[in-house]
Amino acid sequence: MARYLATRAWQSLLTLVLAAVVVFLGIRALPGDPALALAGEDRSPEALAAIRSEYGLDQSLPIQFWQYVSRTVRGDLGTSIRTGEPVSEMLRTALPVTLELSVLAILIATLLGVLAGVVAAVRRGRPEEWVANALALIGLSVPHFWLGLVAILYLAVATNLFPASGFVPLTQDPIANLHHLVLPSVILGTGLAAVIMRQTRSSMLDALSADYVRTAEAKGLRPRVVITRHALRNSLIVVVTIVGLQLGALISGAVVTEQIFTLPGFGKLTIDAVFQRDYPVIQAVILVTATSYIVINFAVDLLYSVIDPRVRVAGEPS
């Protein structure tokens, strides 16, 4: 087990270093002179020289990369061009909103998707499966922005069940925080719930026809035990993979939902930075997104070893 964890940790660290290199070179490969974008209207030679000196743009690429890495390790992600605020503070304000939204959406999607997938597999060929498949098809087909607007129209404006916009921090008022995030989380999780349902159903059908399940049934175990302890547990590998990948995607891709519900999260920060050509913020956003994918995939690998001991054993020396 220790060897398996060390190997995965080393691979994740190497991937993180490569991601930092790609982010650094990608930002500097953008067309145009960054100093001109940073200077705004004051583009005198003196102002451009001062900006290049301040941001280290007059140094060679290896020196710039070393300075970039050393600052990042210390938590210094630079300063926003437009607001003058430290980028780390902007991320510290926006990222928790998106993390909370994404985690809540994942929980809702996993609960609904796994439950519907199990029901569809166990009740194969019956009305329950048809209903689950129909709902999954609707969840995959309906765009999030349209579903969000319809939800705001009928559940917020018409009935006043949920707030149409805004955000309340969790530390300030947990009840109001949940009240503001339930509706966008459901909207964000609909498509993911449909994907999880389809994959859970497919995995469950394979598991229910496996020899070990037939053996458990022949031993006289109750159907609920056979489904939960044998078939479902071996089907969770696929579910964990999807949830892990989608959590990283939600952190970086909840832009539309945050714009519709005017949530001050990571997606809105990204859109504003792109439109304003705020290079330090864009660079930090890309780095945080890449890091989140790496950390989440490492956590998924650890869950693999818990769910399926064969993964853990495969990492041990023979």
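Residues numbered from 1 in each chain as written. Predicted model: local features only at pLDDT ≥ 70, side-chain atom pairs only at ≥ 80, totals over all residues. Heavy atoms only, no water.

A. Representation of the overall build of the protein in the model. Broken down by element type, the protein carries 14 helices and zero strands. Walking the protein from its N terminus toward its C terminus, one meets helices and strands in the order α-α-α-α-α-α-α-α-α-α-α-α-α-α. Roughly 17500 Å² of accessible area belongs to the protein as shown, and the carbon and sulfur atoms make up 66% of that amount. (Helix = DSSP H or I, 4+ residues; strand = E, 2+ residues; numbered from the N terminus. Areas by Shrake-Rupley, 256 points an atom, 1.4 Å probe, with all protein chains shown as cover.)

B. Seen up close, a nonpolar patch on the surface. A surface patch of nonpolar side chains, about 520 Å² in accessible area, is lined by W10, L13, L14, V17 and L18. Note on placement: L13 falls in helix α1 (residues 2–28). (Patch = residues over 30% accessible without salt bridge, like charges linked within 9 Å, V, L, I, M, F, W, Y side chains within 5 Å. Salt bridge = Lys/Arg side-chain N within 4 Å of Asp/Glu carboxyl O.)

C. Just the layout of surface pockets, in detail. Taken as a whole, the second largest pocket holds about 420 Å³ of empty space. Surrounding the second largest pocket, 22 residues form its lining, L112, L135, A136, T190 and A193 being those nearest its centre. Looking at the lining of the second largest pocket, the elements with two or more residues in it are α5 (87–122), α6 (127–141) and α8 (174–208). In the lining of the second largest pocket, the residues fall into 17 nonpolar, four polar and one charged. (1 Å grid on protein atoms, 1.4 Å probe; cavity = no way out; pocket = protein on both sides within 12 Å on 5 of 7 lines; lining within 4 Å. Points joined across faces, edges and corners; volume = space filled by probe spheres on them. Nonpolar A, V, L, I, M, F, W, Y, C, P; charged D, E, K, R; others polar.)

D. Expanded view of the packing of α5 against α8. Taken N-terminus to C-terminus, the directions of α5 and α8 make an angle of 35 degrees; their axes are 4 Å apart at the nearest point. Between α5 and α8 lies a crossing of right-handed hand. Taken together, the residues that form the contact of α5 with α8 break down as 25 nonpolar, seven polar and two charged. (Axes fitted to C-alpha atoms, helices over the stretch in contact; angles between N-to-C directions. Left-handed = near helix turned anticlockwise from the far one by under 90°.)

E. Local environment of the pattern of salt bridges. Tallied over the entire structure, the rule returns three salt bridges. Among the ionic pairs, E89 bridges to R92, the shortest N-O distance being 2.5 Å. With E89 and R92 both in helix α5, this residue pair falls three residues apart, about one helical turn.

F. Inspection of the packing of α5 against helix α12 (residues 266–275) at higher detail. Closest axis-to-axis distance for the α5/α12 pair is 7 Å, and the angle between their directions is 130 degrees. As judged from the angle between their axes, α5 and α12 are oblique. Contacts between α5 and α12 pair M90, L91, A94, L95 and T98 from the former with F266, G267 and L269 from the latter. For the contact of α5 with α12, the per-class residue count stands at six nonpolar, two polar and no charged. (Parallel < 35°, antiparallel > 145°, perpendicular 65-115°, else oblique. Contact = heavy atoms within 4.5 Å.)

G. Helix α4 (residues 61–73), seen in detail. The terminal C-alpha atoms of α4, which comprises 13 residues, lie 18 Å apart, in line with the 18 Å expected from a rise of 1.5 Å per residue. One or two steps after α4, the chain reaches G75, where phi turns positive at roughly 90 degrees. (Expected span 1.5 Å × (residues − 1).)

H. Fine view of the packing of aromatic side chains. Considering all chains together, one arrives at one aromatic pair under this definition. Between F65 and Y68, the ring centres sit 6.4 Å apart and the planes meet at 45 degrees, which makes this aromatic pair tilted. Residue F65 and its partner Y68 are both found in helix α4; the two are separated by three residues, about one turn of the helix. A residue is classified by how much of its surface remains accessible, and F65, at 24% relative accessible area, is partly exposed. Looking at Y68, the relative accessible area reads 5%, which means it is buried. (Phe/Tyr/Trp six-rings, centres within 6.5 Å; stacked < 30°, edge-to-face > 60°. Buried < 20%, exposed > 50% of the residue type's maximum accessible area, 1.4 Å probe, protein only.)

I. Main features of the nonpolar core. Judged by nonpolar contacts, the single largest core of 35 residues is most densely connected at L192, I196, M204 and F261. Elements with a minimum of two residues in this core: α5, α7 (144–158), α8, α9 (211–218) and α10 (223–253). Per-element tally for this core: the top contributor is α8, with ten residues. When neighbours within four sequence positions are excluded, I196 is seen to be in contact with A109, T110, G113, V114, V239, I242 and V243. The next biggest cluster of nonpolar side chains, apart from the first, holds 18 residues, and it includes V87, L91, L95 and I296. (Core = buried A, V, L, I, M, F, W, Y, C linked by side-chain atoms within 4.5 Å.)

J. Highlighting the environment of A9. By secondary structure assignment, the location of A9 is in helix α1. Separated by 286 residues in the primary sequence, A9 and V295 have C-alpha atoms spaced 9.5 Å apart.

K. Spotlight on unusual backbone geometry. Even without a glycine there, the phi angle at N160 is positive, about 60 degrees. When you line up the elements, N160 lands in the loop between α7 and α8. Overall, N160 belongs to the exposed group, its relative accessible area being 61%.

L. α6, seen in detail. In this model α6 runs 21 Å from its N-terminal to its C-terminal C-alpha over 15 residues, within 8% of the 21 Å that 1.5 Å per residue would give. Taken together, the buried positions of α6 are occupied by E129, A132, N133, A136 and G139. Around the axis of α6, the buried residues are gathered within 125 degrees of arc, so they sit on the same side. Residues of α6 that are exposed and point over 90 degrees away from its buried face: W130, L135 and L137. Buried residues belonging to α6 abut α5 and α8. (Arc of directions from axis to C-beta.)

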